[in-house]
Amino acid sequence: MKPVKLIISAFGPYAGTQVIDFTELGERSFFLIHGPTGSGKTTILDAVCFALYGDTSGAERKGEQMRSGHADLTEPTEITFDFAIGADTFRILRYPEQERPKKRGEGTTSMPANATMWKRTGVTEDAEEGAVLASGWSKVTEVVEKLLGFKSSQFRQVVMLPQGDFRRLLTADSKERQAIMEILFRTEFYRRIEESLKESAKRLQAEIEQLTNQKAWVLQNAGAATRDELEQQYRSNLEQQAEVQKNIEKCRAALKEAQDRLEAGRQVLEKLKEKEGAEKAVKELEQNAEEIEAKRSELTRANRAAGLADAENLLKTRQQEADTAATHLGNKKFVKNEAESASETAAKELAAEVEKGPEREAAGREVARLEALTEKVTALAGARQAVSDAEKKVKEAETGQRSAQGSLDAVRKSIEEKSAAYTEAKTTADQAAALEAACRAAEQVSIKRQSLEKFRGDLAAARKSYNLAENKFRQAETRYAAAREELAVLQEQWNRGQAAILAGGLTRGEPCPVCGSLDHPNPAAPGASLPSEADLKARQKYVVDLEAALNKARVEFSDIKTVKSTARSRTEDLEKELGENADIDLAVLQAKVGKARGLWSEARQSVETVSALEDGIKKLKEREEAAGQQLETSKKEYQKAYTGLETARAVLRERESSVPENLRDAAALSKAQLEARHKRDMLTANYELAKKTADGAKQALAMAEAAEKEAFTNWQTAVRLAEDEIRSFQKRLESAGFGCLKEYQEARKTPEEIQVMERYIKNFDENIHAARDRLARAAGAAEGLVEPDMDKLAQEEAEIKEEHDQLLIKEGLLQSQVKEGNRSLKKLQELEGQLKGLEDRYLVFGRLSEVANGRNKYGLTFQRFVLGALLDDVTIAATGRLKLMSRGRYHLQRTTELARRNAAGGLDLEVFDTYTGAARNVATLSGGETFLASLSLALGLADVVQSYSGGIHLDTIFVDEGFGTLDPESLDFAMRALIDLQKGGRLVGIISHVPELKERIDARLEVQPTDRGSVAGFRIV
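Since the model is a prediction, treat every value here as computed from it, not as a measurement.

(A) Spotlight on the pattern of salt bridges. All told, the structure shown has 35 salt bridges when counted by the stated rule. Here R120 ties to D82 by a salt bridge, and the two come within 3.8 Å at their closest N and O atoms. One end of the pair, R120, is in the loop between β8 (114-119) and β9 (131-135); the other, D82, is in strand β4 (residues 78-85), and 38 residues separate them in sequence. Just as R120 is buried, D82 falls in that class too. Notably, a salt bridge pairs R227 with E231, separated by 3.4 Å at the nearest N-O pair.

(B) Structural context of the environment of F83. Position of F83 among the secondary structure elements: in strand β4. Judged by its relative accessible area of 1%, F83 is buried. A sequence separation of 80 residues divides F83 from P3, and the C-alpha atoms of the two residues are 4.3 Å apart. Every residue in contact with F83, bar those within four places of it in the chain, is listed here: M1, K2, P3, V4, L52, D88, T89, F90, I92 and M117.

(C) Highlighting the sheet that holds strand β13 (residues 918-921). One open sheet holds the three strands; their spatial order is β11-β12-β13, and the pairing between them is antiparallel. Taken across any chain shown, the strands that pair with only one partner, and hence form the sheet edges, are β11 (890-895) and β13. For this sheet the average axis-to-axis angle between neighbouring strands, irrespective of direction, equals 40°. Where strand β12 (residues 908-913) meets β13, four bridges bridge the pair, whose relative direction is antiparallel. From the neighbouring strand, D913 faces β13, where its bridge partner is A918. Running over the sheet, helix α19 (residues 862-885) touches β11 and β12 and is turned about 170° from β11.

(D) Summary view of the pairing of strand β5 (residues 88-95). Of the pairings in the sheet, the one linking β4 to β5 comprises seven bridges and is antiparallel in character. Within the sheet, the bridge partner assigned to F83 lies in β5 and is F90. As paired strands, β5 and β8 are joined by six bridges and run antiparallel to one another. When the bridges of β8 are listed, R94 appears paired with A115.

(E) Up close: the nonpolar core. One finds L6, F31, L52 and F155 to be the most contacted residues of the largest nonpolar core, which totals 43 residues. Sorting elements by how many residues they give to this core places helix α1 (residues 41-53) first, with nine residues. Residues within four places of L52 in sequence aside, it is in contact with M1, F81, F83, I92, R94, T141, V144, L148 and F155. Core analysis: the next-biggest nonpolar cluster, separate from the first, contains 38 residues, F30, V911, I957 and V959 among them.

Criteria and thresholds
Residues numbered from 1 in each chain as written. Predicted model: local features only at pLDDT ≥ 70, side-chain atom pairs only at ≥ 80, totals over all residues. Heavy atoms only, no water. Salt bridge = Lys/Arg side-chain N within 4 Å of Asp/Glu carboxyl O. Helix = DSSP H or I, 4+ residues; strand = E, 2+ residues; numbered from the N terminus. Buried < 20%, exposed > 50% of the residue type's maximum accessible area, 1.4 Å probe, protein only. Contact = heavy atoms within 4.5 Å. Pairing = 2+ DSSP bridges. Axes fitted to C-alpha atoms, helices over the stretch in contact; angles between N-to-C directions. Core = buried A, V, L, I, M, F, W, Y, C linked by side-chain atoms within 4.5 Å.

Structure representation (structure tokens):
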């Protein structure tokens, strides 16, 4: 990835829009980012990292926290970043969540975070965006991670090395370094091989375990502990099955004989029982013979009575006819009596109506008089309506006149009010510019006062941390100096002790192993105490550990000193800018800002209000003129309406004089006419009804008298026929043998009852005949037979059958056991064959999986083994630079020793010190040495990654600080290493305060702070 253009807007110390065009470097690929402390050098790297990943280079601040305190509220915070990967170019626009002014009304609204990414390969115009690759905060980050091959944390360890994080790649453990290198060298293929082998071994092991469990289950289900025991059970069951089958055949023959004897006994017993049953049935039927004879006699009498049924029915009919005729005669007599009474009443009512003749004539004359008034009342109603319409017009005209007067008064009042408001708003609007300036100034003072409060807190915390770090550093320095002196004394004692040991082994006349002399005039004598080699090495290690602790304390002290200096410088700058406002309470300043904003807002509203009031007053004056004209028109209309009302009232008085007062209303007249017509019609209708009723009553009386005579004649005829039928029925009873009517009624039966009696007698005759035949057959069959002992026969058959059933059950059980045993033996043979094949495969795959997944004495996985080889290449390349920068003292190398037994190994680093001839942990390096080693490792990593075609192209590297810890000679070596990178076409950018770098590097991105925010630009010397 190579940067092309970076556009920063309202981000960090950059208040406006800052464009950084990397194409201005031309062919140069090495530049310095230079500027005062706090000016915004690191912010440039923050902007690049924010555009790509949405966080800052140090990962300590969120995007929304990077809003510039100098920026105007209308200026959005956003980053636009153009960059190239190989031949392709891309653009990202990203902005954090922030507050912006509302488009309508006052106040602010929240604008959510968002991002968009375009591919611009082949696009020549800067204003043209290109094709959209992704839209959305997280989606853009995902595409960047896929294109670059890094997550944000890895990008900061390999490409962009921010303050405090520069040494992380050097001091990372195996696991963290593996995550970085796996992405750089794309070695996930080897990890997939590890996982595939592990999965295959796991699958084989699961299959073996499953088959072993199945084998154990087969034996357990068969009730055997081993295969041999199972085979023994199988052979024993076969022998028992053959013996049981022989016994079953013998028992089956004995059972057949017992069953035949039992069946013969059952047949004899059934014949004897049949004879006994036949005798019993005949005896029971013969006991019912007398009852049957009585039934035969009763049936004969019922048949004779059935022959008289027609005569009885005819008699009943004649008697019913006589009763009906008597009832009819009584009804006709009642109707005749009612008709006589109605005729007399109707004659009286008709006479009364005839006497009302004069009253009917008077009612007719009254109807004619009232109908003649209809036309006059209609004219009177019209006159009244005309008066009502005229009164309404007068009232409407009067209301219109009052409304016009009210409208005119209201318009004149509104003109007075708006004129007063216009004068007041004009005075306030004229102050808008001055109030805006005062508001802006108050806001800037408040923002700076907030920053001052923050930096004062940071300075207090930094001073406290500074004192602690200084004490820690001084204590570490004292302990290290004392330990060095003790080590020197111990080393001297050990050297002398070694000489004494050699002297103790000298022999007179033999050469010295050191100098070769045959004379030993003054051999070294042993001292009071002789330190061992283990004591010396322990002391050396103790000194090395103290040196590492001292270096660490020195770096921490230096870092805190820088933080303290930055906080003090920024605090002093802000106090100078604020002057007397620096000591005013922040709440007071914020209250002033709120008041200034309120006054300015009121002034802006007044500007709009003045224009609106001018238009309103103009329109109100136009309405005043129209309202005056409307008032004159309303007065004329009122006078015209009043004259029409007086004329209508005169016509009404003239028409009321010709109509009675109680009939002047049309409804009253109509009611009177209706009542007169009703009275006339009622009198006429009553007369006609009375006349018609009298005529009808006479006719009804005549018809009732005729009907009575006819009913009397019919009654006499019916009585005579009934008496004749009684005499005829009595003769028929005597002929049928019945002495009286009661005997006939007792013998009488319904046809259904007669049929039941006939079937009952017939069934008895048939049953007794069949029973006697059955008895004759049964007696012949049982002749000479003796009743057998059935209990004894049944017991013999049951005992033999029980024995037979038990043998069958035993034979079935043995057969099932034989089949199950055979099936279990076959299943075991099948499982053992499968197990043999799986175990042979597991011997191969299981061992491969163990080795590939780190179960070896080095704790190396297959992927880590490959990465270890790659890391060896990286350390070789890094050592080439580190030897140069450390004047040949240090070499970087990989160690396979495990820091802990359960820790991942194979990718840990150590430094070989040629001065001591021993290797030690990279954490023991001093601050400057750590910087040189970290820089060498980063550059060596870039070289090796670039040399592998399957790796990622590291075209750019940024280094933020660290050069201040180097002495002039080491700085010179570091500069040579960075300058050499230009040969490979890489872009190298460094941030530093070291003055020597500014003199050596001709391409500089200079950052200058101002009172309105920082500005930056390239300067090519």
